[in-house]
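# Structure assessment
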Amino acid sequence: RGVGVCQVCHASYAAMFSFFFGSSTDGPSPPTIREGHKTVEVIIDDERLQVDVDVLAEVSGLFLQIQSTDAKECPLRDFPGGLDRFRGIVGFLIDSETLVVGDETVLDLLEATWLLECPSLLDGVMQSSFVTSLSSRRRAEILEHLLPYTAASSPADSEHAIESLSASAPSDTLGNWDEHGAASPKYSQETMPASLACKQFLRLFQFETLMWQTTEKAALTLASQLDSGDFVLGPRLATGSLRVCSELLRLRRLREEESGFVSSAIQPVSTLWKNLMDKPLRAKVSWDSHLFALRCMRRRLAAVAPSEVLQKQAEMAGEMKEDEEAHEDLPAELVETAEDSTLIVFGELIGYVNSERLSSNWSALLVRVLLLLSADYADSDLREGRTLKAREIFRNTFASDLMQKLSWCHPAPVPPAWLVDVVSNPDASKALLRVLSRYRQMEAEELSDIIEHVLLAEFLPWDHCQKTILASELLNDILGACMDAGKKANSGGQGTRCPAHWAGQHRLWRLEYLGRRLFHVAFVFQEGFLPHSWPDCFGDDPNDSNDSKPTGGKLLVRRMAVEDDICSAQPQVVEVDGSCLWDEGLLTIPLLRRTMMEGRAMLDKPILHYGRQVIMRHLWYKHTDYCEVPKLKVLWDLACWSLCEDAGLVRQALEYLKGTYRDLCRPGGPWSPENEEDLFEMFLAIDFSLLPIQVLYSPWVPAQVQSVRLFVQQQPADQFHQELQQEVSRAMEHLKSVNFQCSKLTDKLNAVDQRTVMNKSQISDSSAALEEILRKRRQKEGG
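None of the values given here were measured: they were computed from a predicted structure.

### Quick look at the overall build of the protein chain
Of regular secondary structure, the protein chain possesses 32 helices and three strands. Put simply, 75% of the contacts in the protein chain that link residues at least 6 apart link residues at least 24 apart.

### Some remarks on the confidence of the model for the protein chain
With 82% of its residues at a pLDDT of 70 or more, the protein chain shows a mean pLDDT of 82. Per-residue pLDDT stays below 50 along residues 1–25; that stretch engages in 64 contacts with residues further than four places along the chain or on separate chains. Across residues 540–559, where pLDDT falls below 50, the model places 48 contacts with residues more than four positions away in sequence or in other chains.

### Here we look at the packing of helix H27 (residues 589–601) against helix H29 (residues 629–639)
Interaxial distance between H27 and H29 falls to 9 Å at its minimum, and their mutual angle equals 35 degrees. Across the interface between the two elements, Ile589, Leu592, Arg593, Met596, Met597 and Arg600 of H27 pack against Val634, Leu635, Asp637, Leu638 and Ala639 of H29.

### A closer look at the sheet that holds strand S2 (residues 47–52)
The strand order S2-S1-S3 describes an open sheet built from three strands, whose pairing is mixed. Strands with a single pairing partner mark the edges of an open sheet, and in this sheet they are S2 and strand S3 (73–75). Between one strand axis and the next, the sheet turns through 30 degrees on average, direction left out of account. One ladder, built from six bridges, connects strand S1 (residues 39–44) with S2; its direction is antiparallel. Residue valine 42 lies in a different strand from S2, and its bridge partner there is leucine 49. Docked against the sheet, helix H4 (residues 82–94) engages S1 and S2, running at close to 10 degrees with respect to S2.

### Notes on the pairing of S1
Within S1, six of the six residues are buried, leaving the element largely enclosed by the surrounding structure. What you see with S1 is no split at all: Thr39, Glu41 and Ile43 on one side and Val40, Val42 and Ile44 on the other are buried throughout. Taken together, the three bridges between S1 and S3 define a ladder with parallel strand orientation. Each residue of the ladder has a partner; that of isoleucine 43, found in S3, is proline 75.

### Points about unusual backbone geometry
Positive phi outside glycine occurs at glutamate 117, with the angle close to 55 degrees. For glutamate 117, the position within the fold is in the loop between helix H5 (106–116) and helix H6 (119–126). The phi dihedral of cysteine 640 falls on the positive side, at around 55 degrees, and the residue is not glycine. Looking at the element boundaries, cysteine 640 is found in the loop between H29 and helix H30 (647–665).

### A short note on the pattern of salt bridges
Counted according to the given criterion, the structure contains 35 salt bridges. As a salt-bridge pair, glutamate 322 and arginine 295 come within 3.3 Å of each other at their nearest N and O atoms. Note that glutamate 322 is positioned in helix H15 (residues 319–326) and arginine 295 in helix H13 (residues 289–304), a separation of 27 residues in sequence. Assigned by exposure class, glutamate 322 and arginine 295 land together as buried. Of the charged contacts in the structure, one is a salt bridge between glutamate 584 and arginine 497, with a shortest N-O distance of 2.9 Å.

### Things to note about the packing of helix H21 (residues 426–436) against helix H23 (residues 463–470)
For any two helices packed against each other, the geometry is given by the interaxial angle and the distance between the axes. Where H21 meets H23, the closest approach of the two axes is 9 Å, and the angle between their N-to-C directions is 30 degrees. For the element pair H21 / H23, the angle class is roughly parallel. In this structure, H21 crosses over H23, and the sense of that crossing is right-handed. Where H21 approaches H23, its residues Pro426, Ser429, Lys430, Leu432, Leu433 and Leu436 are matched on the opposing element by His464, Cys465, Thr468 and Ile469. Here the residues of the contact of H21 with H23 sort into six nonpolar, three polar and one charged.

### What about H29?
One turn of an α-helix holds 3.6 residues; hence residues three or four places apart share an orientation. Every buried residue belonging to H29 is among Val629, Leu632, Lys633, Leu635, Trp636, Leu638 and Ala639, and all of these are buried. Backbone geometry just downstream of H29 places cysteine 640 in the positive-phi region, at approximately 55 degrees.

### Details of a nonpolar patch on the surface
Together, Phe720, Leu724, Val728 and Met732 line one region of the surface with nonpolar side chains, adding up to about 390 Å² of accessible area. Mapping phenylalanine 720 onto the fold places it in helix H32 (residues 703–782). Residue class for phenylalanine 720 comes out exposed when judged on its relative accessible area of 54%.

### Details of the packing of aromatic side chains
Aromatic ring pairs are described here by two measures, namely the spacing of the ring centres and the angle between the planes. Inspection of the entire model under this criterion finds 12 aromatic pairs. Taking 5.1 Å as the distance between ring centres and 85 degrees as the angle between the ring planes, the aromatic pair formed by tryptophan 620 and tyrosine 656 counts as edge-to-face. Of the two residues, tryptophan 620 sits in helix H28 (residues 607–620) while tyrosine 656 sits in helix H30, which places them 36 residues apart along the sequence. The same class applies to tryptophan 620 and to tyrosine 656, which are both buried. Between tyrosine 626 and tyrosine 656, the ring centres sit 5.0 Å apart and the planes meet at 70 degrees, which makes this aromatic pair edge-to-face. Here tyrosine 626, found in the loop between H28 and H29, pairs with tyrosine 656, found in helix H30; they are 30 residues apart in sequence, far enough to count as distant. Judged on exposure class, the residue tyrosine 626 and its partner tyrosine 656 are both buried. One Lys or Arg, arginine 434, reaches over the ring of tryptophan 408 and ends 4.7 Å from the middle of that ring.

### Some points on the nonpolar core
Formed by 192 residues in total, the largest nonpolar core has its most connected members in Phe86, Phe292, Trp502, Phe529, Trp582 and Leu592. The contact partners of phenylalanine 529, leaving out residues within four places of it in the chain, are Leu475, Asn476, Leu479, Leu518, Phe519, Ala522, Phe523, Cys580, Leu581, Trp582 and Leu587.

### Quick notes on the environment of alanine 218
Looking at the element boundaries, alanine 218 is found in helix H10 (residues 194–224). Taking the relative accessible area as the measure of exposure, alanine 218 reaches 5% and is therefore buried. Contact partners of alanine 218, with chain neighbours within four places excluded, come to Leu122, Met126 and Leu146.

### A short note on helix H20 (residues 401–408)
Listed as buried for H20 are Leu402, Met403, Gln404, Leu406 and Ser407. Packing partners of the buried residues in H20 comprise helix H16 (332–337), helix H18 (360–376), helix H19 (380–396) and H21.

Rules used in this analysis
Residues numbered from 1 in each chain as written. Predicted model: local features only at pLDDT ≥ 70, side-chain atom pairs only at ≥ 80, totals over all residues. Heavy atoms only, no water. Helix = DSSP H or I, 4+ residues; strand = E, 2+ residues; numbered from the N terminus. Contact = heavy atoms within 4.5 Å. pLDDT = per-residue confidence, 0-100. Axes fitted to C-alpha atoms, helices over the stretch in contact; angles between N-to-C directions. Pairing = 2+ DSSP bridges. Buried < 20%, exposed > 50% of the residue type's maximum accessible area, 1.4 Å probe, protein only. Salt bridge = Lys/Arg side-chain N within 4 Å of Asp/Glu carboxyl O. Parallel < 35°, antiparallel > 145°, perpendicular 65-115°, else oblique. Left-handed = near helix turned anticlockwise from the far one by under 90°. Nonpolar A, V, L, I, M, F, W, Y, C, P; charged D, E, K, R; others polar. Patch = residues over 30% accessible without salt bridge, like charges linked within 9 Å, V, L, I, M, F, W, Y side chains within 5 Å. Areas by Shrake-Rupley, 256 points an atom, 1.4 Å probe, with all protein chains shown as cover. Phe/Tyr/Trp six-rings, centres within 6.5 Å; stacked < 30°, edge-to-face > 60°. Lys NZ or Arg CZ within 6 Å of the ring centre and 35° of its normal. Core = buried A, V, L, I, M, F, W, Y, C linked by side-chain atoms within 4.5 Å.

Written out as C-alpha cells, the structure is:
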C-alpha cells in the first residue's frame, strides 16, 4: 500500500499526552505505547496521533507493513470518521476499550476494517450488541455494504474489486507517503535476509487469508439471519465475491426447499407489516437463482475485460440498468477475451444456471466453463456428466457465430469430434475446414483421427462437405502432407510437406493410407489434383463453387485448340503450365488405377476426363524422350480413349502418338512388329472424327489410320444403306400380306355374288308359283 513511516524518539506517556492534547484531563485518552516499542504518527486531516506500531502489527496488515520500514509518519487521508474514529479503533485493538458501534459508525468501521486489513476489528463489529440486535431489514442493508469488501479481500476477486472500490472512494485515502518524506525500508529487497523475507511474506499472507475468511464469514452470517421476504437476490447482493455469491445461492435454495405452503401464504402479509414498521427494502429488483448467477459471472467478466469501455459500463450501471443487462445476452467480446483462469472459478455458479434459458453467447461461455471443469475433475462420472452437458449445449446452439468459433479457434476448447452432432448444418463443414487449417500444428495421430472418424466417416456423404472441404485448396495441401508422410516412413528422410514433428512409422503409414482414401473421394472435386482455380470455400454461398462438371480454369497443360497448326507435318510438343502434387512425385499413376476403374462404371461423372488429363500431363511433364511403347500402351488402356469426347485432349493424344511413331521408325529406333501393332491399336483407339481431316496429313500418321478413318467415315453411309434395305424388305413383306388379304377378300366377294344369283332365281321361281296359284283361285271363283 505504499506506506512509509519515520520513527521518532520514544517519549513518556504524560509527555506525549501533553504534547497533543495539552495538560487538560478532559477528552479521550491517547493509545497506550509500551516501552521500547516502535511508534509512528498517523496523520488524518492534519491531526496527528502517535500509535504503537509493534502492537498494531499483530492485528493489522497495514501496520505490519509499516513495521518493516523506518518511516516517521503514516498519512491516512479521508479516513472514515476522521481521527476520533481511528482513536477509538486503536483503543479497541490495543487497550481493549469498548468499540462504539451504532447507526452512524457501523459503515465507517466496515470501511476502516478493509483499509487497515484488520480481521479483529470486523469480529468486534459483528459481535457488538448493535449488530446482533438488528432487524432483518437492517441486516440486509449492512449486508449490501459489506459484500463489496468480500470481493476486495477474496483471493479470486481482490485484484479487480480493489480497483472498483478505489474508483468509488477517494484515490488518496492512504495518502502519498513520498510527499511526507518517507524513508526507505530497513532492508532493500536485495539485502533483506532470506529468513526475514520469508517470515514477512508468511505474516502478510496470513493476514490476507484471515481478512477474506472473516469478511466472508460475516457476510454469510448476516445472510443466514435474514427473513425469507428480505432475502432478495438482486444487483445489490451480486457485488460480493464469487464464493459468497455461490453461498448466497445455496442459502436461497435451502430457504426455498424448507419453505412450505403456510410460510409462502403468510409472506406477503409479513412484508406489508415490515414496510409499515421498519425501513423499506432498498432492493428494487428481484431475480431468480438463474439470473443472479449470470449477473455475478457478468460482473467478474466485465472486471477483467481488456476493454476500458466494458469496465466503465460495469462500474456505472445502476440497479435498473443491471436488471436490463441481466436479461440480455452477454457481449461477444467478454466471451472471446475471457481467460481460462477467470472462467474456472465459475464452477459453483453454473450449478444454478438453467441451460435452456441461455442465449447464444451465454451458451458459448457455459460450454467453455464446463469443459474446463471436466478436465479438472478426478471423478470420471462427474467429468463425463459435465462433458455430455457441454456437448448438448453445443449441439443445440451451434447456429450462433460464437459457438461455431469455439470449434476452430486456437486453442479450440471444443473437440472436433463434436462437429459430428451438427453435421447437417452447412456451417459445420466450414468449421471443420478451419480446424483442418491447423494441420501442421497438430500431432499426426490427432489429424488422422479427424480425417478418419470425422471427415470420412460422417461428413463425406453431405453435399456441403463436398463443395466446402473436398473442393478446397487446403485438402490438396493436406493430401500432399499425408503422401509425403508415407515417403518419409519408407525412406526415413525429412519430407518437404510433412511437418518435422510427425514421427513414428505406424503413424506415418496411417496418414498415407488416409491420404489414398482422400485422393479417391476428392478426385473429381479437386479436378484430378491438377492446377486449377480453387473456390472460396468460406464464401456465403458454397453452391457457387465448382460442381462435378469439368471447369475451364487453369488446366493441366496449355490447352491445345483443335485448330492449332492443323497442317503441321511434324509432331508438336505441348508445354505444361503450373505445378501440382503429380509434378512433385507425391501422387503417382498407380493411384489412378482404382479411380479410373470406378470412372468406367460412373460415366455421368467426369472421372475419366480428369484421369486422361492426368495421364497426358504425366507424359508431357519434363518431356525429353517419348515413352516406351509397352508402357505407353498400359497408360493408353487406362485412359479409355474410346470414350473421350474432348477434341482438345484427342489432339494432344494424336500429337504424342505422332512423336512416338517417329521415334519408333527412326534409324536405330526400337521398332518391332509388336511395338508397331501396339501403336496402331493406340491410334485406332482415338476417335479422329472429332478432329479436322488436315491434322492427319503427316508422314507420322500411319496409312492404316487414314484407311480406318475412311472406313469410319463410310460407316454411317453403310449403316444408312443397311437400314434402308431393311426398311424396304419390311415394306415388301407388308405388301405381300396386303395382297394376300385382298385375294382372300376377292374370293369371299365371288362367293357372295354366286349366292346372290342363286337367291334371285329362287325368288323368281317362287313368284311364278305364287302367280299360278292366284290365277287358279280366280278361275275357280269365276266358274
